[in-house]
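Architecture at a glance
Chain by chain, the residues run as shown.
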Amino acid sequence: MPGQRMKGWMISLPSMAWLTVFFLLPTLMIFIIAFKPANPLGGLGEGWTLRTWLELGNPNYPSIIWRTLRLSFYCTAACILLGIPFSYYIARAPERRQRALLLLVIIPFWTNFLIRVFAWKAVLHPEGALKHMLVAVGIASPDTMLLYNEWAVLLVMVYTYLPFAIMPLYAAIEKFDFALLDAALDLGAGRATAMRRVFLPGIRRGIQTAVLMVLIPALGSYVIPDILGGPSSEMLGNKIAQRAFADRNLPHSAALSALLCLCVMLPMLMGTLLRRKRTGGAA
Amino acid sequence: MKRSRLPGLTVLILLVFFYLPIVILVINSFNLHKYGGEWSGFTLKWYVRLFQDDAVWHALRNSLIIAGVSTAASTVLGTLAAYALHRSNDRFQKIHHGLIYMPLVLPDILMGMSLLLFFVAVGFQLGLTSICIAHITFCISYVAMVVLARLQDFDFSMMEAAYDLGANSWTATTRVLLPALAPGITAGALLAFTLSIDDFVITFFVAGPGSSTLPVHIYSMMKHSRFMPVINALSTLLLLVTFVAVGSSQLINKQKGADLP
């Protein structure tokens, strides 16, 4: 029915138009403005240039990009490794306890993200409680620095993104048919083999989702290294903000954003391809 | 199969990990000691100082205005989007779906940066309006997803029944469809409100002078260690608000569940 179709268009129009103007266009602008020169007032100059991209060859950047990839990768690995046993326990618990535990995972989430990061600053502070405890037990010396290094950043990244991993993992494990595991054990598989050959492949989709849910925001981390890291633990996000606010060089931060955008698109694309290959193979 | 102890142990350790910093923060908000390294006595002085800080209240006001406007706009836009996505699956709606989905997966900082570039390029003054635009943009997607889930349970033959009984499309929509979707729309609106109140990264990029929201103001306080205990007090109050909200919604749900036969 042509009228029906027209109606569909009309209903889609407001959100389509809004997202095209305020999401699609600005995102494309990242890639365009990276080729514009900056003007001294902090705005954009006339004409086109490749200078910004050449400046990214500056020895600072490769190390920052490498750190961003490395920390995000460690964080993702840690979240999956901790998330699987955690979600396994929840999924196998009695239903009432399941709901209570899930709520306990989500509640810290309802507190503001900044406040959670800030709370860690107090815990890791040189005058803070953890430091005093560690010194008293003899693990740390009085001049050990818990704050302003890569470890602090990684720790709080795991703290922040772990629930993102737990939710899809829990959903997958909850649907997993545990009779399969018993069958594998009955057929003589050891516990480790049964886990590796039956359980992990069974929750593969959940693991894939969890990886993306952690890896993508981790790559874009900005607040955590900004508050808990030092100059030697900066990530791509910090540089984007510095170029945008401290130096007010918008083309430069656009080029860095374009780079981050590509870093994010790559795992997403790989995820889609993997899924397509699987479903293609099954058909 | 003998159960392994490992999962139970992980749960225990992780729950301590999740709550330890929050508990320490709450305790420190009553601690006379500035950095909370040790307990040097109970005090309410940080709370008093917080209530005397006008900038905090101004920022809270901004946050509430922005959250109100963006919730209203994104709820309307998101609900319409969900309806369009549900009713048709042609190529046009596939593009529409992509546009709705992408903001959910891209890191905040990219959205903040791209909107900043956009506003600068078109010469738009940064302030409350630019923040509202940014918030509406990311809230639409969340509202659309929540309402879409609700639509999947709606039986559209109810609409046809209404038409057969003589309702026009306005009456059928307002008397049949919208009441059925109301819980989904409410949930979407609540989510939008929470996300808007909570957002820091995107707001930080598109805020102008004088338009600090509460998170942006907290961030600027964090840069000075003399404010640390005051932020503890503020955070404790915000935690309290969260717990009361969550607790009461749980109670309401439980009561609703009990009412059912």
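Quick note: structure is the one above.
Okay, so let's go over this structure. (Residues numbered from 1 in each chain as written. Chains lettered and ligands numbered in written order. Predicted model: local features only at pLDDT ≥ 70, side-chain atom pairs only at ≥ 80, totals over all residues. Heavy atoms only, no water.)

Things to note about the overall build of chain B
- Each helix and strand in chain B was counted, giving 11 helices and zero strands.
- Its helices and strands taken in sequence order, chain B reads α-α-α-α-α-α-α-α-α-α-α from the N to the C terminus.
- Taken over the C-alpha atoms alone, chain B extends approximately 75 × 65 × 35 Å along its principal axes.
- The burial tally for chain B puts 48% of its 261 residues in the buried class.
- For chain B, the share of sequence-separated contacts (at least 6 apart) that also reach a separation of at least 24 residues comes to 69%.
- In chain B, 16 positive and 12 negative side-chain charges are present, and the distance between their average locations comes to 10 Å. (Helix = DSSP H or I, 4+ residues; strand = E, 2+ residues; numbered from the N terminus. Buried < 20%, exposed > 50% of the residue type's maximum accessible area, 1.4 Å probe, protein only. Contact = heavy atoms within 4.5 Å. Lys, Arg positive; Asp, Glu negative; His and termini not counted. Charge placed at Lys NZ, Arg CZ, Asp CG, Glu CD.)

What about the overall build of chain A?
- Scanning chain A from N- to C-terminus turns up 13 helices and zero strands.
- The linear arrangement of helices and strands in chain A, starting from the amino end, is α-α-α-α-α-α-α-α-α-α-α-α-α.
- Relative to the globule expectation of 19 Å for 283 residues, the C-alpha radius of gyration of chain A, 24 Å, shows a markedly less compact shape.
- Overall, chain A is about 75 × 75 × 35 Å in size when its C-alpha atoms are taken along their principal axes.
- Taken across its 283 residues, chain A has 49% of its residues classed as buried.
- Contacts spanning at least 24 positions in sequence make up 67% of the contacts within chain A whose residues lie at least 6 apart.
- Accessible surface, chain A: about 14,000 Å² in total, of which carbon and sulfur atoms supply 68%.
- Taken together, the 26 basic and 13 acidic charged side chains of chain A have centroids lying 9 Å from each other. (Rg over C-alpha atoms; globule rule 2.2 N^0.38 Å. Areas by Shrake-Rupley, 256 points an atom, 1.4 Å probe, with all protein chains shown as cover.)

Structural notes on the packing of aromatic side chains
- Following the criterion strictly, the structure yields 32 aromatic pairs over all chains and no others.
- Consider the rings of A:Trp9 and B:Phe92, whose centres lie 4.2 Å apart with planes at 10°: the pair is stacked. With A:Trp9 in helix 1 (residues 2–33) and B:Phe92 in helix 4 (residues 91–105), this pair bridges two chains.
- A:Trp9 gets classed as partly exposed once you look at its relative accessible area, which sits at 41%.
- Residue classification places B:Phe92 among the buried positions, given a relative accessible area of 18%.
- Taking 6.3 Å as the distance between ring centres and 50° as the angle between the ring planes, the aromatic pair formed by B:Tyr83 and B:Phe156 counts as tilted. Taken together, the positions of B:Tyr83 in helix 3 (residues 54–87) and B:Phe156 in the loop between helix 6 (128–151) and helix 7 (157–164) put the pair 73 residues apart, joining distant regions of the chain. Exposure class is identical for B:Tyr83 and B:Phe156. Each is buried.
- These aromatic residues form a ring-pair network of at least three members: A:Tyr222, A:Phe245, B:Phe200, B:Phe204, B:Phe205 and B:Tyr219.
- For A:Lys36, the ring lying beneath its charged end belongs to A:Trp48, and the centroid distance is 4.4 Å.
- Note that A:Arg92 overlies the ring of A:Phe178, its terminal NZ or CZ placed 3.8 Å from the centroid. (Phe/Tyr/Trp six-rings, centres within 6.5 Å; stacked < 30°, edge-to-face > 60°. Lys NZ or Arg CZ within 6 Å of the ring centre and 35° of its normal.)

Observations concerning the interface of chain A and chain B
- Contact residues are listed per partner, giving 81 residues for chain A and 72 residues for chain B.
- Summed over the three residues of chain A that lose the most area to chain B, namely A:Trp18, A:Phe23 and A:Phe118, the buried surface amounts to 10% of that side.
- The residue A:Asp226 makes a salt bridge to B:Lys223 at a minimum N-O spacing of 3.1 Å.
- In this assembly, chain A and chain B are joined by eight residue pairs in polar contact (both at pLDDT 80 or more).
- Per-element accounting of the side of chain A that touches chain B gives the leading share, 21 residues, to helix 1 of chain A.
- Classifying every residue of the side of chain A that touches chain B gives 59 nonpolar, 14 polar and eight charged. (Buried area = accessible area lost by both parts, 1.4 Å probe. Salt bridge = Lys/Arg side-chain N within 4 Å of Asp/Glu carboxyl O. Polar contact = N/O pair within 3.5 Å; in protein donor to acceptor, adjacent residues only side chain to side chain. Nonpolar A, V, L, I, M, F, W, Y, C, P; charged D, E, K, R; others polar.)

Quick look at the packing of helix 3 (residues 60–92) of chain A against helix 10 (residues 204–219) of chain A
Residues and elements named next belong to chain A.
- Direction vectors running N to C along helix 3 and helix 10 enclose 145°, while the axes themselves pass 9 Å from each other. The two elements helix 3 and helix 10 meet at a crossing, and its hand is right-handed. From helix 3, Thr68, Leu69, Ser72, Phe73, Cys75, Thr76, Cys79, Ile80 and Ile84 reach across to helix 10, where they touch Ile207, Ala210, Val211, Val214, Leu215, Ala218 and Leu219.
- The residue inventory of the contact of helix 3 with helix 10, partitioned by class, reads 13 nonpolar, three polar and no charged. (Axes fitted to C-alpha atoms, helices over the stretch in contact; angles between N-to-C directions. Left-handed = near helix turned anticlockwise from the far one by under 90°.)

Quick word on the pattern of salt bridges
Residue and element names in this part refer to chain A.
- For the structure shown, the criterion picks out six salt bridges over all chains.
- Glu150 is paired through a salt bridge with Arg67; the nearest N and O atoms lie 2.9 Å apart. Residue Glu150 is found in helix 7 (residues 150–175), and its partner Arg67 is found in helix 3; the two are separated by 83 residues along the sequence.
- Using a relative accessible area of 11% as the deciding quantity, one classes Arg67 as buried.
- Residues participating in the shared-partner salt-bridge network are Arg67, Arg70 and Glu150.

Observations regarding the side chain of A:Arg243
All names here are of chain A.
- Tracing the backbone shows Arg243 in helix 12 (residues 236–246).
- The class of Arg243 is buried, set by a relative accessible area of 15%.
- The residues touching Arg243, leaving out its near neighbours within four places in the chain, are Tyr61, Arg248, Asn249, Leu250, His252, Ser253 and Leu256.

A short note on helix 6 of chain B
Residue and element names in this part refer to chain B.
- Relative to the 34 Å expected for 24 residues at 1.5 Å per residue, helix 6 spans 33 Å between its end C-alpha atoms, a close match to the ideal helical length.
- Maximal helix bending in helix 6 amounts to about 30°, located at Cys139.
- Within helix 6, 17 of the 24 residues are buried, which leaves it mostly tucked inside the rest of the structure. (Expected span 1.5 Å × (residues − 1). Bend = angle between axes of the 7 residues up to and from the residue.)

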